Amino acid sequence: MNQRQPIGIFDSGYGGLTVMKEITRQLPEYDYMYLGDNARVPYGNRSFDIVFQYTWQCVRHLLEEGCPLVIVACNTASAKALRNIQQTMLPMYFPDRKVLGVIRPTTEIVGDISKTNEIGVFATQGTVTSESYRLEIKRFFPNARVYQQPCPLWVPIIENNEHLSEGADYFVNKYIDELLVQCHNIDTIILGCTHYPLLIDKIQKHLPDHIKLISQGPLVASSLTDYLERHPELKKEISQNRSRQYFTTDDPTVFSLKGKLFVGEELEVSHIELT
Ligand code: DGL
């Protein structure tokens, strides 16, 4: 690559904007290109093969646009597709690029936060079934016990802009109860889906006060800051004009309206057709 290019950020829909918000807060100087696969969201209940196929298609698009680094800001995609992309697709097609996920920055610190070693995870069905959180947390903190709760309705509630409605409280309570009944000693819970920070006020309201909720955005952003410091060769490939571009596989006008709710500012969005 001879020209500097933006950092790519990918999610199945709007959720990755919660990560992008923190990344751009910590690293405002860089350019960013966001891609939401809103036409095919949610990924959470889809098979391993389909999540891989959709994720690779989107990540490949960002790499073809020239991004030297792509952040998969989606847990479901990180759990089901990242390893294959890093170990097989990148060496074969884009050996000089990097693709990073959102699970590791969270799992490598969570054991330092919990005092009881009993850790809860709210995530999509796909992320829970993959067991990625349990395996990764135990790799860093072998004494930790991990309890997972799938929350299949939270993403559709958020994508349909119902996350502030009273109806959402029912499903927030339901999944909290189902997690806490697995273990009464949980003191730390990971929001293991990038959409869930949109529900954080409601989740917090229904959770006992002593339980600490972990959002991924700030952790992913700090981890990226650290990563770029350790990889100056990659850092110098990234353009620094503070530009933000947004792309969606669905309707850009709808993305722009809803995206504003996520990031608090007007977004200029374009539609892309994936090939
Ligand atoms: N935001 C994605 C995640 O972090 C999931 C949303 C979906 O189900 O597509 O898992």
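Analysis parameters
- Residues numbered from 1 in each chain as written.
- Predicted model: local features only at pLDDT ≥ 70, side-chain atom pairs only at ≥ 80, totals over all residues.
- Heavy atoms only, no water.
- Near = heavy atom within 4 Å.
- Polar contact = N/O pair within 3.5 Å; in protein donor to acceptor, adjacent residues only side chain to side chain.
- Areas by Shrake-Rupley, 256 points an atom, 1.4 Å probe, with all protein chains shown as cover.
- Core = buried A, V, L, I, M, F, W, Y, C linked by side-chain atoms within 4.5 Å.
- Buried < 20%, exposed > 50% of the residue type's maximum accessible area, 1.4 Å probe, protein only.
- Helix = DSSP H or I, 4+ residues; strand = E, 2+ residues; numbered from the N terminus.
- 1 Å grid on protein atoms, 1.4 Å probe; cavity = no way out; pocket = protein on both sides within 12 Å on 5 of 7 lines; lining within 4 Å.
- Points joined across faces, edges and corners; volume = space filled by probe spheres on them.
- Axes fitted to C-alpha atoms, helices over the stretch in contact; angles between N-to-C directions.
- Parallel < 35°, antiparallel > 145°, perpendicular 65-115°, else oblique.
- Contact = heavy atoms within 4.5 Å.
- Nonpolar A, V, L, I, M, F, W, Y, C, P; charged D, E, K, R; others polar.
- Pairing = 2+ DSSP bridges.

### A word on the site of the ligand
Close to the ligand lie 14 residues; S12, Y43, N75, T76 and H195 are nearest. The separation between an oxygen atom of the ligand and a polar main-chain atom of Y43 is 2.5 Å. H195 is positioned such that a nitrogen or oxygen atom in its side chain is 2.7 Å from a nitrogen atom of the ligand. When the ligand is considered free in solution it has 300 Å² of accessible area, and contact with the protein chains removes 99% of it.

### A few points about the nonpolar core
One finds I23, F122 and I203 to be the most contacted residues of the largest nonpolar core, which totals 55 residues. At six residues, helix α8 (residues 166-180) tops the list of elements feeding residues into this core. Grouped together as the second largest cluster of nonpolar side chains are 27 residues, Y43, W56, I85 and L274 included.

### Comments concerning empty space enclosed by the protein
By the definition in use, this model includes one cavity of 30 Å³ or more. Of the volumes computed, that of the largest cavity is approximately 120 Å³. Around the largest cavity, the lining is made up of 17 residues, and of these P42, G44, T76, T124 and V155 lie nearest the centre. At the level of secondary structure, the elements contributing two or more residues to the lining of the largest cavity comprise α3 (75-93) and α7 (154-159).

### A few points about the packing of helix α4 (residues 103-113) against helix α10 (residues 216-230)
Here α4 crosses α10 at 100 degrees, and the two axes come no closer than 9 Å. Between α4 and α10, the angle falls in the class roughly perpendicular. Taken together, the residues of α10 that come into contact with α4 (itself represented by P105, T106 and I109) are Q216, L219, V220 and S223. Among the residues making up the contact of α4 with α10, the classes are represented as four nonpolar, three polar and no charged.

### Describing the sheet that holds strand β10 (residues 269-271)
With parallel pairing, the six strands of this open sheet are ordered in space as β4-β3-β1-β2-β9-β10. Every interior strand has two partners, whereas the edge strands, β4 (98-100) and β10, have only one. In this sheet, adjacent strand axes meet at a mean angle of 20 degrees when their direction is disregarded. Sheet topology places strand β1 (residues 7-11) next to strand β3 (residues 69-72); three bridges connect them, and they run parallel. The partner of G8 across the bridge, within β3, is V70. Contacts between α10 and the sheet are confined to β3 and β4, with β3 contributing the most and set at about 155 degrees to the helix. Lying over the sheet, helix α12 (residues 252-263) contacts β2 (32-36), β9 (244-248) and β10, oriented at roughly 150 degrees with respect to β10.

### Let's talk about the side chain of S12
Assignment of secondary structure puts S12 in the loop between β1 and α1 (16-26). Judged by its relative accessible area of 4%, S12 falls in the buried class. Ignoring anything within four residues of it in the chain, the contact list for S12 reads G36, D37, N38, V41, Y43, C74 and H195.

### Brief notes about unusual backbone geometry
Of note, the bond from V41 into P42 is cis; its omega dihedral lies within 30 degrees of zero at 0 degrees. At N161, a residue that is not glycine, the phi angle is positive and equals roughly 60 degrees. Mapped onto the secondary structure, N161 falls in the loop between α7 and α8. The phi dihedral of R242 falls on the positive side, at around 60 degrees, and the residue is not glycine. Along the chain, R242 turns up in the loop between α11 (232-235) and β9. Classification of R242 by relative accessible area gives exposed; the value is 55%.

### As for α4
Within α4 the residues assigned to the buried category are I103, P105, T106, T107, V110 and G111. The inward-facing, buried residues of α4 contact α3, β5 (118-123), α6 (132-140), β7 (188-191), β8 (212-214) and α10.

### A word on the layout of surface pockets
Unoccupied space between atoms shows up once a probe the size of one water molecule is rolled over them. In this structure, the largest pocket encloses a volume near 780 Å³. Mapped onto the lining of the largest pocket, the elements with two or more residues apiece are α3, α4, α6 and α10. The element that contributes the greatest number of residues to the lining of the largest pocket is α3, accounting for nine residues. The class makeup of the residues in the lining of the largest pocket is 13 nonpolar, eight polar and eight charged.

The analysis is restricted to geometry; functional conclusions fall outside its scope.
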